[in-house]
Amino acid sequence: MKFPIHFSMLWAFCISLFSSNHTLSGQKLLSPEEFMPHKYGEQFTPHNLTVDYFKHAAANSDLIQLKEYGRTNQMRPLLYAIVSSKENLANLEKIRLNNLARAGMDGGKSDPSVNNITITWLSMNVHGNEPASSESSVSVLYNLLSPNRPDTKEWLKNTVIIIDPCVNPDGYHRYTHWYINASDKSPNTDPTAREHREPWPGGRVNHYYFDLNRDWAWATQIETQQRLAVYKSWMPHVIPDFHEMGYNSPYYFAPAAQPYHKFITPFQRDFQTEIGKNHAKHFDKEGWLYFTKEVFDLFYPSYGDTYPTYNGAVGMTYEQGGIGAGRAITTEAGNVLTLKDRIAHHLTTALSTVEMSSKNAERLCQNFEDFFKKTSANPPGQYKTYVVKGSNPRNKVKALTDLLDKHRIKYGRIKGTRSATAFDYTTGKENTPLSISEEDLVISAYQPLSVLTQVLFDPESELVDSATYDITAWALPYAFGLQTYASKERIDPSQEFTPKTFPLIQKPDAQPYAYVATWSGLNNARFAAQLLQKGIKIRAASIPFEVENKKFPRGSLIITRGDNPSVKDQFDKTITAAALVNDQDLIPVSTGFADAGADFGSGRFDLMTKPNVAIIFDDDVDNNSYGQMWHFFEQDLNVAVTQVKLSDFNRIKLNSFNVLCMTDGGYANLDSGKLDKLKTWITEGGRLILIGEALNAFEDKKGFELTKFASKKDRETAETASETASLKNRFMHFDEFERDGLSDGIPGAIYKTVLDNSNPLAYGMPDYYFTLKTSNAAYQPLKNAYNVGYIDDKFKPLGFVGYRLKPQLKSTAVFAVQSMRRGSVVYMVDNPLYRAFWYQGKFLFANAVLMPVR
């Protein structure tokens with residue numbers, strides 16, 4: 001069968017050939033205007049052509065080295081260019097190793113001959129639909145390499161510049177490819193024109209719809225993981241992260257807005273201001289508008305400016321007005337903003353940053369070294385040691401150490417035993433007696449990455465201003481669901497800690513009657529999902545039991561030979577092979593007769609069902625939340641899903657699926673007919689899983705027990721309070737409204753929940769769960785439903801919560817299950833898949849998908 005070739009594909013192929021001819025010709029370095037087949041700055045440059053220009057530059061200049069550091073999910077190349085003088089490039093490895101030695105991250109000694117060469121990293125286009133930075137990257141590169149610029153030639157003598165031209169190629173391609181196909185021959189500057197109305201899911205996000213500018217610390221995405229390896233091998237001194245914002249805004253550059261994390265040093269703060277003033281000088285000369293010290297703070301650790309800052313660099317965000325602007329747009333001021341304008345502004349701040357790095361190379365290098373020397377000898381936070389107990393499920397400990405390895409955070413174990421007092425993450429109490437053994441994972445803050453360690457592990461970071469841009473609590477022990485302690489004492493691990501990586505698969509003396517598998521983490525869920533997809537029947541224990549003098553908790557998996565006659569001689573091989581692949585502990589037993597609890601043939605052992613999953617999307621669904629769900633199924637659970645658009649809902653056969661998932665979104669197209677179809681499907685055995693804002697579409701709907709108030713009196717009380725507040729606000733000053741609104745908000749805080757782990761939704765978990773609450777949604781415990789998780793009022797929340805919201809959240813439901821005849825609805829008020837870093841939440845969601853939740 002022949003397939004038609006789309007014009008844009010043909011054009012991309014042609015321009016690739018065009019640029020390859022330039023690269024191979026060996027002629028002089030061409031400017032972007034000379035190189036591009038289109039008029040540079042008047043149309044978007046396809047990513048492959050940006051790559052080709054960097055290759056052309058590398059082939060025609062001796063001031064650059066070009067490296068590919070990885071590939072995206074869609075197999076686009078991830079590149080970085082190293083630009084410096086010929087002498088520096090000849091000594092590049094010496095410069096790199098010397099920099100790591102000065103940071104204490106390499107065993108070697110520093111080399112004074114290259115001590116004052118600073119490293120500046122230009123990070124471009126983390127958000128694909130903010131294309132001006134990737135567009136400007138070729139211009140930045142040309143200006144740094146051009147023999148006609150004596151100023152840049154001078155800067156290169158003491159500066160190594162690393163340019164990542166496109167952090168998010170998949171998102172950039174999604175946006176620019178759409179735009180080229182959707183736009184007119186000439187730019188239409190009317191903001192209502194199609195070319196300014198980007199469709200869902202938008203190019204901001206990567207293949208899995210993740211915001212890569214929120215992923216630096218969590219490293220859940222392949223782009224981040226590959227970039228971190230390069231970043232840690234260099235540890236730059238200055239790193240601006242280039243963005244765009246709404247096109248009616250001018251240009252933002254450092255210094256940042258409050259809040260600053262208190263661990264940020266005076267030099268890091270002050271040098272931002274110095275760079276900002278240098279930018280202002282250049283912008284003033286051109287008469288360009290800009291602003292500083294507003295909106296963009298330095299607190300949340302997973303941004304492209306804060307993560308480098310906690311790694312000793314001067315990290316900054318630069319924002320050009322331009323999202324949705326296309327090639328040109330008329331702003332609310334009546335001016336036309338062009339792509340060329342946006343490129344020029346980013347080019348100016350990029351070169352200004354390099355200029356300031358070069359002029360202050362010695363100061364930057366010395367302060368970088370001082371940062372690591374001072375913080376490793378005297379960690380700034382109150383907690384000096386973090387102890388993760390060896391009694392934690394080993395799969396969760398392994399997941400944590402894998403993340404620490406990506407960040408090059410050191411850890412180990414002590415020899416023998418010792419006692420200490422510490423903060424108990426689970427109870428929230430200080431001065432808890434702690435016994436530390438050789439089995440425990442110990443992370444000391446007395447190490448080169450002291451600041452990053454404390455930022456990621458401290459139970460709560462001090463917030464000096466509640467007007468922050470993102471979540472305000474994120475401590476890793478809560479995210480991973482690990483029993484952990486933070487001590488103010490210095491406890492240095494002296495022994496290597498090696499996470500247990502091989503499963504415990506006991507060899508039976510004879511052909512086993514059954515296998516019992518542990519259930520405590522995501523690897524167990526992958527194991528179960530793999531077997532279910534192979535047709536293996538698995539039962540989940542609804543009660544604790546004991547067999548052959550071994551005790552097993554509720555939630556343990558039972559795989560009997562009698563349940564699986566179809567696999568016959570392949571039974572043992574199939575089960576053990578899956579266990580090895582998924583690091584699954586497996587215990588063979590020779591009998592189904594229980595010493596305590598119930599026998600294996602009892603109704604107390606429920607059959608699990610192979611999940612046939614559909615996830616619902618529409619144009620008003622949050623792309624990030626949707627992507628988190630999609631990523632979970634494909635990457636964490638390894639289960640294929642069917643993606644269904646809500647507008648097509650009436651055309652699909654719901655009985656093809658037994659699990660439907662809906663996450664944050666408006667769902668305006670969910671009319672009464674679709675609701676009735678859903679209810680029928682649920683009552684016939686379907687399971688509907690709702691996350692976050694998806695609950696709004698089912699609130700107070702017939703047949704669904706979801707309501708914010710348990711009684712008419714509670715509703716009237718809330719309405720009265722709202723009316724009283726409205727009357728009071730009549731006399732509020734205009735400039736007070738924005739900050740007053742914070743009193744009803746919660747950008748992201750950690751709450752402890754009481755968890756009913758006798759319910760299948762919470763199998764394998766303790767009787768508590770720490771939830772990351774990112775919305776003010778508050779539902780009183782549901783009637784005629786199982787309230788599996790609700791807020792524990794005895795535990796003080798961590799992070800910022802508005803004072804008016806706090807009392808509204810007391811004892812509210814977080815997770816609930818409603819039975820509807822043969823099926824069920826799972827309500828998840830808080831998103832357990834948030835940014836894919838809340839490991840314990842992902843395990844809870846796996847329960848919702850795999851366990852016999854009813």
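Attention in this report is confined to the structure presented alongside it. (Residues numbered from 1 in each chain as written. Predicted model: local features only at pLDDT ≥ 70, side-chain atom pairs only at ≥ 80, totals over all residues. Heavy atoms only, no water.)

### Some thoughts on the overall build of the protein
The number of helices and strands found in the protein is 24 helices and 32 strands. Its C-alpha atoms give the protein a radius of gyration of 29 Å, within 12% of the compact-globule value 29 Å for 854 residues. Taken over the C-alpha atoms alone, the protein extends approximately 85 × 70 × 65 Å along its principal axes. For the protein, buried positions account for 60% of its 854 residues. Nonlocal contacts in the protein, meaning residues at least 24 apart in sequence, comprise 78% of its contacts between residues at least 6 apart. Total accessible area on the protein stands at roughly 34000 Å², and carbon and sulfur atoms take up 50% of it. Taken together, the 93 basic and 94 acidic charged side chains of the protein have centroids lying 4 Å from each other. (Helix = DSSP H or I, 4+ residues; strand = E, 2+ residues; numbered from the N terminus. Rg over C-alpha atoms; globule rule 2.2 N^0.38 Å. Buried < 20%, exposed > 50% of the residue type's maximum accessible area, 1.4 Å probe, protein only. Contact = heavy atoms within 4.5 Å. Areas by Shrake-Rupley, 256 points an atom, 1.4 Å probe, with all protein chains shown as cover. Lys, Arg positive; Asp, Glu negative; His and termini not counted. Charge placed at Lys NZ, Arg CZ, Asp CG, Glu CD.)

### Considerations on empty space enclosed by the protein
Applying the stated rule across the entire model yields three cavities of 30 Å³ or more. For the largest cavity, the calculated volume is near 90 Å³. As for the largest cavity, its lining consists of Tyr425, Thr426, Pro477, Tyr478, Gly481, Leu482, Pro766, Tyr768, Tyr769, Phe770 and Gln840. The set of elements that each furnish at least two residues to the lining of the largest cavity consists of helix 16 (476-480) and strand 29 (768-773). At three residues, the largest contribution of residues to the lining of the largest cavity is made by strand 29. Considered class by class, the residues forming the lining of the largest cavity number eight nonpolar, three polar and no charged. A volume near 50 Å³ is recorded for the second largest cavity. Lining the second largest cavity, in full, are Ile95, Asn98, Asn99, Arg102, Val114, Asn115, Ile117, His237, Cys365 and Phe368. (1 Å grid on protein atoms, 1.4 Å probe; cavity = no way out; pocket = protein on both sides within 12 Å on 5 of 7 lines; lining within 4 Å. Points joined across faces, edges and corners; volume = space filled by probe spheres on them. Nonpolar A, V, L, I, M, F, W, Y, C, P; charged D, E, K, R; others polar.)

### Looking at the environment of glycine 128
Examined against the element boundaries, glycine 128 turns out to sit in the loop between strand 3 (118-123) and helix 6 (132-145). Under the relative-accessibility criterion, glycine 128 is labelled buried at 0%. Each C-alpha atom, one on glycine 128 and one on glycine 171, is 4.2 Å from the other, the two residues being 43 residues apart in sequence. Residues in contact with glycine 128, not counting those within four places in the same chain, are Asn168, Gly171, Tyr172, Tyr175, Gly203 and Arg204.

### Section: the packing of aromatic side chains
Applying the stated criterion to the full structure yields 59 aromatic pairs. Both rings, one in tyrosine 300 and one in tyrosine 303, keep their centres 5.1 Å apart while their planes meet at 75°; by these two values the pair is edge-to-face. Tyrosine 303 shares its class with tyrosine 300; the two are buried. Relative to phenylalanine 372, the ring of phenylalanine 368 has its centre 4.9 Å away and its plane inclined at 70°; by these criteria the two rings are edge-to-face. Here phenylalanine 372 and phenylalanine 368 lie together in helix 13 (residues 361-377), a separation of four residues that amounts to about one turn. As far as the burial class goes, phenylalanine 368 and phenylalanine 372 line up, both buried. Taken together, Trp218, Tyr252, Phe291, Phe296, Phe299, Tyr300, Tyr303, Tyr469, Trp474, Phe837 and Trp838 form an aromatic cluster joined through their ring pairs. Across from the ring centre of tyrosine 446, 3.9 Å away, lies the NZ or CZ of arginine 490, which sits over that ring. Above the face of the tyrosine 779 ring, lysine 708 is positioned so that its terminal group lies 5.7 Å from the ring centre. (Phe/Tyr/Trp six-rings, centres within 6.5 Å; stacked < 30°, edge-to-face > 60°. Lys NZ or Arg CZ within 6 Å of the ring centre and 35° of its normal.)

### Brief notes about the pattern of salt bridges
Opposite charge on two side chains lets them pair, provided their charged atoms get close. Applying the stated criterion to the full structure yields 39 salt bridges. Across the pair glutamate 68 and arginine 71 runs a salt bridge whose closest N-O atoms are separated by 2.8 Å. Classification of arginine 71 by relative accessible area gives partly exposed; the value is 33%. A salt bridge links glutamate 130 to arginine 204; the nearest nitrogen and oxygen atoms lie 3.3 Å apart. Linking glutamate 130 in the loop between strand 3 and helix 6 with arginine 204 in the loop between helix 8 (169-182) and helix 9 (222-234), this pair joins segments that are 74 residues apart in sequence. Of the residues examined, glutamate 130 reaches a relative accessible area of 2% and is grouped as buried. Salt bridges linked by common partners bring Glu130, Arg204, Asp211, Arg214, Asp470 and Arg835 together as one network. (Salt bridge = Lys/Arg side-chain N within 4 Å of Asp/Glu carboxyl O.)

### Thoughts on the packing of helix 6 against helix 12 (residues 339-359)
Direction vectors running N to C along helix 6 and helix 12 enclose 50°, while the axes themselves pass 8 Å from each other. It follows that helix 6 is oblique to helix 12 by the angle criterion. Two packed elements cross with a definite hand, and for helix 6 against helix 12 that hand is right-handed. Of helix 12, the residues touching helix 6 (which contributes Ala132, Ser133, Glu135, Ser136, Ser139, Val140, Asn143 and Leu144) are Leu339, Arg342, Ile343, His346, Leu347, Ala350, Leu351 and Val354. For the contact of helix 6 with helix 12, the class distribution of residues is nine nonpolar, five polar and two charged. (Axes fitted to C-alpha atoms, helices over the stretch in contact; angles between N-to-C directions. Parallel < 35°, antiparallel > 145°, perpendicular 65-115°, else oblique. Left-handed = near helix turned anticlockwise from the far one by under 90°.)

### As for the pairing of strand 14 (residues 429-436)
Each regular strand shows side chains that alternate between the opposite faces of the sheet. Across six bridges, strand 13 (residues 418-424) lies against strand 14 in antiparallel orientation. Bridge pairing in strand 14 places serine 419 opposite serine 435. Counting the residues between successive antiparallel strands, the hairpin from strand 13 to strand 14 contains four residues, one of them, glycine 428, with a positive phi of roughly 75°. (Pairing = 2+ DSSP bridges.)

### Thoughts on the sheet that holds strand 32 (residues 823-828)
A sheet is described by the order of its strands in space; here nine strands give the open sequence 25-24-26-27-32-31-30-28-29, paired in mixed fashion. What marks the edges here is a single partner per strand, and that holds for strand 25 (641-645) and strand 29. Ignoring which end each strand starts from, the neighbouring axes of this sheet average 20° apart. Looking at chain direction, strand 28 (residues 749-755) and strand 29 are connected through six bridges and run antiparallel.

### With respect to the pairing of strand 2 (residues 77-83)
Of all seven residues that make up strand 2, seven are buried, and the element is covered over most of its length. Residues Pro77, Leu79, Ala81 and Val83 point to one face of strand 2 and Leu78, Tyr80 and Ile82 to the other, with burial holding for every one of them. The pairing of strand 1 (residues 64-71) with strand 2 spans seven bridges and is antiparallel. Along strand 2, the bridge assignment pairs glutamate 68 with leucine 79. Linking strand 1 to strand 2, which pair antiparallel, is a turn of five residues; within it methionine 75 sits at a positive phi near 65°. Summarising the sheet, strand 2 and strand 4 (residues 159-164) pair through three bridges and their orientation is antiparallel. Directly across from alanine 81, in strand 4, lies its bridge partner isoleucine 163.

### A few points about the nonpolar core
Considering soluble globular proteins, one finds that nonpolar side chains tend to be buried as a cluster. Of all hydrophobic cores here, the largest spans 190 residues; its most connected members are Phe633, Leu688, Phe698 and Phe845. Here this core gets eight residues from one element, more than from any other, and that element is helix 24 (residues 839-850). Once residues within four sequence positions are removed from consideration, phenylalanine 633 is found in contact with Val613, Ile615, Asn638, Val639, Val641, Cys661, Phe845 and Val849. Formed by 51 residues, the second largest nonpolar core is a distinct cluster that contains Leu30, Phe54, Trp155 and Phe253. (Core = buried A, V, L, I, M, F, W, Y, C linked by side-chain atoms within 4.5 Å.)

### Description of the sheet that holds strand 13
Read from one edge to the other, the open sheet built from five strands follows the order 14-13-16-12-15, with strand pairing classed as antiparallel. Single-partner strands in this sheet number two, and they are strand 14 and strand 15 (441-444). For this sheet, the mean angle separating the axes of adjacent strands, direction not counted, is 35°. Bridge count for strand 12 (residues 385-388) against strand 16 (residues 484-487) is four bridges, and the pairing is antiparallel. Note that in strand 16 the partner of threonine 385 across the bridge is serine 487. Where helix 14 (residues 394-407) meets the sheet, its contacts fall on strand 12 and strand 15, and the angle it forms with strand 15 comes to roughly 30°.

### Focus on the environment of alanine 517
Structurally, alanine 517 is set in strand 17 (residues 514-517). Look at alanine 517 and you get buried, because its relative accessible area is 1%. Alanine 517 sits 40 residues away from leucine 557 along the chain, and the two C-alpha atoms are 4.9 Å apart. Sequence-distant contacts of alanine 517, that is, excluding residues within four places in its chain, are made with Phe527, Ser556, Leu557, Gln584, Asp585 and Leu586.

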